[in-house]
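One-letter residues, chain by chain:
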Amino acid sequence: MEAESTGSVLPTCCVLPTQRKLFLSGISILSVMERWRGRVALVTGASVGIGAAVAVELVRLGMKVVGCARDVGKIQKLAAECQSAGHPGVLVPFKCDLSKEEEILSMFAAIKEQHKGVDVCINNAGLAHLEALLNGKTSAWKNMWDVNVLALCICAREAYQSMKERNVDDGHIININSVCGHQVLPNADTHFYTATKYAVTALTEGLRQELRAENTHIRATSISPGFVETEFASRLYRDNYDKAAALYTIYKPLEAKDIVSAITYVLSAPPHVQIGEILLEGL
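Along each chain, residues carry numbers from 1 onward, in the same order as the chain's sequence is written. In view of the model being predicted, local features appear only for residues whose pLDDT reaches at least 70, and side-chain atom pairs are presented and counted only at 80 or more, with totals across whole chains, interfaces and linings using the full set of residues. To get the side-chain values, take all heavy atoms of the structure and skip hydrogens and water.

1. Thoughts on unusual backbone geometry
At step 1: Residues other than glycine seldom take positive phi values, yet N167 does so here, at roughly 60°.
At step 2: Its place among the elements puts N167 in the loop between helix 5 (138-165) and strand 8 (172-176).
At step 3: Type-normalised accessible area, obtained with a 1.4 Å probe on protein chains alone, sets the label of each residue: buried when under 20%, exposed when over 50%, and partly exposed for intermediate values. Classification of N167 as exposed rests on a relative accessible area of 70%.
At step 4: Positioned with a positive phi, N215 is a non-glycine residue whose angle comes to about 55°.
At step 5: Where helices and strands are cited, they refer to DSSP runs of H or I of at least four residues and of E of at least two residues respectively, numbered from the N terminus. Here N215 lies in the loop between helix 6 (191-213) and strand 9 (219-225).

Here is the structure:
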């Protein structure tokens with residue numbers, strides 16, 4: 001029987017730098033990640049923040065990473081930096097607007113043609129708009145739903161189909177969620193965004209159940225960080241710098257490398273261990 005952890009897990013590795021060797025029970029992360037070396041990972045929203053940090057770390061660990069975003073120029077720069085650093089993996093930039101299904105499907109077709117398929121899918125892309133429930137714009141709600149929920153579902157579906165076609169039974173789908181997927185904060189600006197993250201919580205659990213029903217060892221994990229020091233706050237409050245800055249005094253922010261550590265922790269777990277959820281916040 002498959003060992004499971006579907007509750008909240010706070011791995012001790014989250015406090016360690018991800019660009020150094022991470023030790024789990026005395027074993028180097030480079031060792032336990034060896035089985036992923038040379039295999040293909042898709043990271044959405046890979047141009048900045050968490051996505052960029054994840055992409056670079058997986059390349060450092062020897063994976064072939066397809067990093068997608070609308071701003072592919074930033075990923076091209078990261079790819080050049082990875083090559084200059086002599087990382088054993090490779091970062092492949094791909095321009096994709098995740099709000100458009102046809103672009104997602106074209107991306108998966110290109111991955112199939114050029115790299116055979118996806119072994120790890122990290123649904124990191126997400127966005128928020130300041131639109132309350134009582135007077136928000138429908139277009140902004142739709143944009144959040146399209147990217148945070150539908151794109152995640154489409155990528156997960158296509159990744160699973162890619163694995164199934166190639167008889168890959170140890171793949172992994174990781175959804176970058178949020179503490180907002182577990183609690184509703186008293187902030188009208190983020191209530192619709194919170195709804196999209198509650199959806200991610202439900203969808204990840206539903207995905208895990210469907211995978212088990214298919215008798216596959218492909219795993220699904222939700223990683224729910226609290227406030228992270230990235231461009232998210234400045235983009236959200238682009239017209240109100242003081243409000244963006246205030247978030248850093250209200251919440252102790254995590255760093256992108258903390259989420260990277262959680263991801264490598266999940267990927268390095270033995271193939272028979274299912275980690276359903278990791279919830280992590282700054283202290």
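2. Observations regarding the packing of helix 4 (residues 101-115) against helix 5
At step 1: Only the stretch in contact is used when a helix axis is fitted, and all axes are lines through C-alpha atoms; the angle between N-to-C directions ranges over 0 to 180 degrees. In the contact formed by helix 4 and helix 5, the axes pass within 10 Å of each other and the chain directions differ by 25°. Put simply, helix 4 runs roughly parallel to helix 5. Helix 5 is crossed by helix 4, and the crossing has right-handed handedness. Here helix 4 contributes E101, I104, L105, F108 and K112 to the contact with helix 5, which in turn contributes A151, I154, C155, R157, E158, A159 and E165.
At step 2: Its residues assigned to classes, the contact of helix 4 with helix 5 shows seven nonpolar, no polar and five charged. The labels follow the angle: roughly parallel below 35 degrees, roughly antiparallel above 145, roughly perpendicular from 65 to 115, and oblique for the rest. The hand of a helix crossing depends on one turn: near helix anticlockwise from the far one by less than a right angle means left-handed, and clockwise means right-handed. Between two residues, a contact is recorded if the distance between any of their heavy atoms is within 4.5 Å. In this count, Pro and Cys sit with the nonpolar residues alongside Ala, Val, Leu, Ile, Met, Phe, Trp and Tyr, while Asp, Glu, Lys and Arg are called charged and the others, Gly among them, polar.

3. Comments concerning helix 6
At step 1: Taking 1.5 Å of rise per residue, 23 residues should cover 33 Å, and helix 6 covers 33 Å from first to last C-alpha, within 8% of that figure.
At step 2: What helix 6 keeps buried is the set F192, Y193, T194, T196, K197, A199, V200, T204, L207, R208 and L211. Multiplying one less than the number of residues by 1.5 Å gives the expected span of a helix.

4. Structural notes on the state of the cysteines
At step 1: Cysteine sulfur pairs qualify as disulfides if the two atoms are within 2.5 Å. Enumeration over the complete set of coordinates arrives at zero disulfides.
At step 2: With no disulfide partner, C68 has as its closest neighbouring cysteine sulfur the one in C96, 5.0 Å distant.
At step 3: Under the relative-accessibility criterion, C68 is labelled buried at 0%.

5. Observations regarding the pairing of strand 5 (residues 64-69)
Sheet faces and side chains relate simply in a regular strand, where the side chains alternate between the two faces.
At step 1: When you tally the buried positions in strand 5, you get five out of six residues, the bulk of the element.
At step 2: At least two bridges found by DSSP between two strands are what make those strands a pair. Pairing between strand 4 (residues 40-44) and strand 5: five bridges, direction parallel. Bridge assignment links V40 to a residue of strand 5, and that residue is K64.
At step 3: Each parallel crossover has a hand, and for strand 4 linked through helix 2 (residues 49-60) to strand 5 it is right-handed.
At step 4: Here six bridges tie strand 5 to strand 6 (residues 90-95), and the two strands are oriented parallel to one another. For V65, the partnering residue across the bridge sits in strand 6 and is L91.
At step 5: Between the parallel elements strand 5 and strand 6, the chain passes through helix 3 (residues 72-84) in a crossover that is right-handed. Crossovers are marked right-handed if the path from the first strand over the helix to the second runs clockwise, as seen with the strands pointing away from the viewer.

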